[in-house]
Amino acid sequence: QVQLVESGGGLVQPGGSLRLSCRASGFTFSRYIMSWYRQVPGKERELVAAISSSAGGVTNYADSVKGRFTISRDNAKSTVYLQMNSLKLEDTAVYYCNAVWNLTYWGQGTQVTVSS
């Protein structure tokens, strides 16, 4: 049974930090490109960050989060992380973990709320 389970979301003040985790099971994690997406009500889901399946971990970021967010993966733990620093009000969204290779899988999402 394939599962992507996100955790680490919550309420944080502007300028604060959160670390999201996504633990995978039921498929060969190391083969998959792993990404984080986010979505706010009424808008399309958007790519936040992605990391390749290679050991080198090539990364890609949305312009809006470059320099603030860092994606990483631990293939031994089948887990992908998103370190979010200097959070802004506009980072408020539901964040989803995504896995892509020959199939595509999605997590259930975790809410991140940035508010003073």
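Residues numbered from 1 in each chain as written. Predicted model: local features only at pLDDT ≥ 70, side-chain atom pairs only at ≥ 80, totals over all residues. Heavy atoms only, no water.

Draft legend 1. Structural view of the side chain of Thr79. Of note, Thr79 is situated in strand β8 (residues 79–84). Taking the relative accessible area as the measure of exposure, Thr79 reaches 6% and is therefore buried. Looking at Thr79, its side chain comes within polar contact range of the main-chain oxygen of Lys77, at 2.8 Å. Ignoring any residue separated from it by four or fewer positions in sequence, one finds Thr79 in contact with Ser21, Cys22, Arg23, Phe29, Ser72, Arg73 and Asp74. (Helix = DSSP H or I, 4+ residues; strand = E, 2+ residues; numbered from the N terminus. Buried < 20%, exposed > 50% of the residue type's maximum accessible area, 1.4 Å probe, protein only. Polar contact = N/O pair within 3.5 Å; in protein donor to acceptor, adjacent residues only side chain to side chain. Contact = heavy atoms within 4.5 Å.)

Draft legend 2. View of the sheet that holds strand β1 (residues 3–7). Reading across from one edge, β1-β3-β8-β7 is the order of the four strands in this open sheet, with antiparallel pairing throughout. Each having just a single partner strand, β1 and β7 (69–74) make up the two edges of the open sheet. Neighbour-to-neighbour, the strand axes of the sheet open up by a mean angle of 15°, direction not taken into account. Across six bridges, strand β3 (residues 18–25) lies against β8 in antiparallel orientation. Counted as the bridge partner of Cys22 is Val80 from β8. (Pairing = 2+ DSSP bridges. Axes fitted to C-alpha atoms, helices over the stretch in contact; angles between N-to-C directions.)

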